[in-house]
Amino acid sequence: MKKERLLNFALAFLILALSQCAVHFYPRPVTTQEKIQTNIAHSVDSFAAFLERNIIAYKSRSPERQKVVIENYQFYADPRFKDPKNFYPPASAPKDMKMELLEEGKDYQMYLLSWKSQYQPVNPDFWKLYKNYQETWTAYAVYIRHKEPVESAMAMVHGWTGGDITKRNNIKHNGMWEMFELGFDVALLQQPYHGLREPKDSFFSGELFVSAEVSRLNEAMCQAVTDFRSLVHWLRQEHKLVGIRGGSLGGVVTLATVVAEPRLDFAIALVPPSSWADIGTENKLVPYVIQGIWNSGIGLDEAKRILYPASPANYPPAIPKQDILIIAGMGDNFVPPLQPILVWERWAKPQIYWYPGGHIVHFGKKKAKEVELEFLNRQLKKLKKNTS
C-alpha cells in the first residue's frame, strides 16, 4: 500500500512537471541555465501545492469551511480606508512584556516574549468570531540577543502554516542565526492563528488566517501588522537601528508594516504577495480559498474593494524606497511574479532581485544572499554615520 501511494505521488509529480513546466514570463533577462532552473522550480512548486491541498489542507477545502461568515464585509470597502491610518491603528512598545529564558549560550540569550496584543477588531461585527479565538489574543516572539549589547535589531515574521516559533527548525528556517551573526539582535513574531496562537478548532497552523472568510483575512492582516509594530517599538527602546524581514505571508505582512510604520530603518520582503484580490483561482496553493470567495457571491471588482485595506500595493510606503529590498522567484508558483511586480511598480521601483527559483527550490540562493548582505551592510553603515 505504501509503495502504491509513493508511485501515485511520483506519477502525479511527473504529470505536473510535464504540464506545468511552462514559465512564459521572465521579469529580467535570463540565461539558458536560469530558464531551466526556473522551470524546474515552477514544477516543484506545483507538486508541493498539490500535496499541500490534498494532505495538509484536505479538510479545509470543504465549501462549509470556505465561506463568508461576517455578512457586512462591505464595511472594508468604506472610502476612509483609502488612508491606511484608518485601518492600521497606532501601536506602541508593550508595557506588559514578559520574558522567559529559553536558552543561553556563550554569547547569546534566547527568550520567549509574550504580551497582550494591542489589536482590536476594526469591524465591530468581527467580535462575533474574534471572541472565539482567544489563543491569538496573546502575541509571542522568540528573541535572541547578544550578551554584549549591540545597536542594531531586526524583527522577523514567518510564512503561512509556520508552526511553533520556539522549535529549532523554525528558528533556523527563518534565518534568525544568520542575522544574529551579522550583528543584529533578532526577534521572530508568531503570526496570528499560527503555532502558539493557533485556535483549537484549526485543521492546521494558519488555516484561519488565509481563508474565504474575507473579514477574518482583513482583520488578521491588521492584527499581524499591529503586533509587528509593537515588537518594532519594543526593540527601538534599546537599539538605534531597527528593521523588519519576512517571507511569503510574512512578506506581505512586512510590506503592510512598511505602509503603516514610519519608524523603520529598513525592510526586506521575500517572495511577497501584495494584493489579495489579484490572486486568482489559477493559483496552485489556495484555489479553494479564492473559489470560496467567488462562491459567496463576491466578484473580482468587489473583492478588490473589500480586500483593499489588507493589500499593501494599494498604499505608498512610509519609508524611503532605498531602504526597501524585495527578493522574489521567477518560477514561484505559490506567489506568482506579478504579485511582487505590482508593489514594486507602485512603490517607484525599490531594489528587487529575481532569483531563478520558486517558493520551495531556491536556485541562485547564493547570489540572493549576497544581494541581501550588501543591502544590510548599507543599513549598518547608518550607525557609523550617526556616531561620526
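Just so we're clear, the structure is a prediction, and the values are computed from it rather than from any experiment.

With that out of the way, let us pick up the pattern of salt bridges. For the coordinates displayed, the defined rule picks out 15 salt bridges. Between Arg245 and Glu372 there is a salt bridge; the shortest N-O distance is 2.5 Å. Of the two residues, Arg245 sits in strand S6 (residues 241-247) while Glu372 sits in helix H11 (residues 365-387), which places them 127 residues apart along the sequence. Taken as a pair, Arg245 and Glu372 share a single burial class, namely buried. Residue Asp278 is joined to Lys304 by a salt bridge in which the shortest nitrogen-to-oxygen separation is 3.5 Å.

Structurally, Thr257 can be placed in helix H7 (residues 249-260). Within polar-contact distance, the side chain of Thr257 engages the backbone oxygen of Val253 at 2.7 Å. Aside from chain neighbours lying at most four places away, what touches Thr257 is Val225, Phe228, Arg229, Ile244 and Leu264.

Right, let's talk about helix H10 (residues 338-346) for a bit. By the burial criterion, the buried members of H10 are Gln339, Pro340, Ile341, Leu342, Val343 and Trp344. If you follow the buried residues of H10, they end up packed against H7, strand S8 (324-329) and strand S9 (351-355). Immediately downstream of H10, the backbone of Ala348 shows phi near 65°, a positive value.

Where strand S2 (residues 108-116) lies against strand S3 (residues 138-146), 9 bridges are found, and the strand directions are antiparallel. Bridging across to S3, Ser114 finds its partner in Tyr140.

The subject of this paragraph is the nonpolar core. Among soluble globular proteins, nonpolar side chains are generally buried collectively. Ranked by internal contacts, the top residues of the largest apolar core, which has 95 residues, are Leu113, Phe126, Phe209, Leu231, Leu235 and Trp276. The leading source of residues in this core is helix H6 (residues 214-236), at 12 residues. Not counting the four nearest positions on each side in its chain, Leu113 is found in contact with Met97, Lys98, Met99, Ala139, Tyr140, Ala141, Tyr143, Leu231 and Trp234. The next biggest cluster of nonpolar side chains, apart from the first, holds 30 residues, and it includes Met110, Leu112, Ile165 and Leu270.

Under the definition given, this model contains 19 aromatic pairs. Ring centres 6.0 Å apart and planes at 65° place the aromatic pair Phe184 and Phe266 in the edge-to-face group. Here the residue Phe184 occupies a position in strand S5 (residues 184-189), and Phe266 occupies one in strand S7 (residues 266-270), the gap between them amounting to 82 residues. Considered together, Phe184 and Phe266 belong to a single accessibility category, that of buried residues. Linked through ring pairs, Phe75, Tyr76, Phe81, Phe87 and Tyr88 together constitute an aromatic cluster. Over the face of the ring belonging to Phe203 we find Arg65, whose NZ or CZ atom lies 4.3 Å from the ring centre. Here the guanidinium or amino end of Lys82 rests over the ring plane of Tyr308, the centre of that ring lying 4.1 Å away.

What follows covers the side chain of Arg236. With respect to the helices, strands and loops of the structure, Arg236 is situated in helix H6. Beyond its immediate chain neighbours, meaning those up to four positions away, Arg236 contacts Leu241, Val242, Arg263, Leu264 and Asp265.

What follows is about the sheet that holds strand S4 (residues 152-157). Taken in spatial order, the 9 strands of this open sheet run S1-S2-S3-S5-S4-S6-S7-S8-S9, and their pairing is mixed. Whereas interior strands pair on both sides, the edge strands pair on one side only; in this sheet they are strand S1 (98-104) and S9. When strand polarity is set aside, the average angle formed by the axes of neighbouring strands in this sheet is 20°. In the packing of H6 onto the sheet, contacts are made with S1, S2, S3, S4, S5 and S6, and the angle to S4 comes to roughly 165°. Across the face of the sheet, H10 comes into contact with S8 and S9 while running at roughly 155° to S8.

Let us look at H7. A rise of 1.5 Å per residue sets the reference length of H7, with its 12 residues, at 16 Å; its end C-alpha atoms lie 17 Å apart and thus fit the reference within 8%. With 12 of 12 residues buried, H7 is to be regarded as a mostly interior element. Those residues of H7 that sit buried are Leu249, Gly250, Gly251, Val252, Val253, Thr254, Leu255, Ala256, Thr257, Val258, Val259 and Ala260. Those residues of H7 hidden inside the fold are in contact with S4, H6, S6, S7, S8 and H10.

Procedures and definitions
- Residues numbered from 1 in each chain as written.
- Predicted model: local features only at pLDDT ≥ 70, side-chain atom pairs only at ≥ 80, totals over all residues.
- Heavy atoms only, no water.
- Salt bridge = Lys/Arg side-chain N within 4 Å of Asp/Glu carboxyl O.
- Helix = DSSP H or I, 4+ residues; strand = E, 2+ residues; numbered from the N terminus.
- Buried < 20%, exposed > 50% of the residue type's maximum accessible area, 1.4 Å probe, protein only.
- Polar contact = N/O pair within 3.5 Å; in protein donor to acceptor, adjacent residues only side chain to side chain.
- Contact = heavy atoms within 4.5 Å.
- Pairing = 2+ DSSP bridges.
- Core = buried A, V, L, I, M, F, W, Y, C linked by side-chain atoms within 4.5 Å.
- Phe/Tyr/Trp six-rings, centres within 6.5 Å; stacked < 30°, edge-to-face > 60°.
- Lys NZ or Arg CZ within 6 Å of the ring centre and 35° of its normal.
- Axes fitted to C-alpha atoms, helices over the stretch in contact; angles between N-to-C directions.
- Expected span 1.5 Å × (residues − 1).

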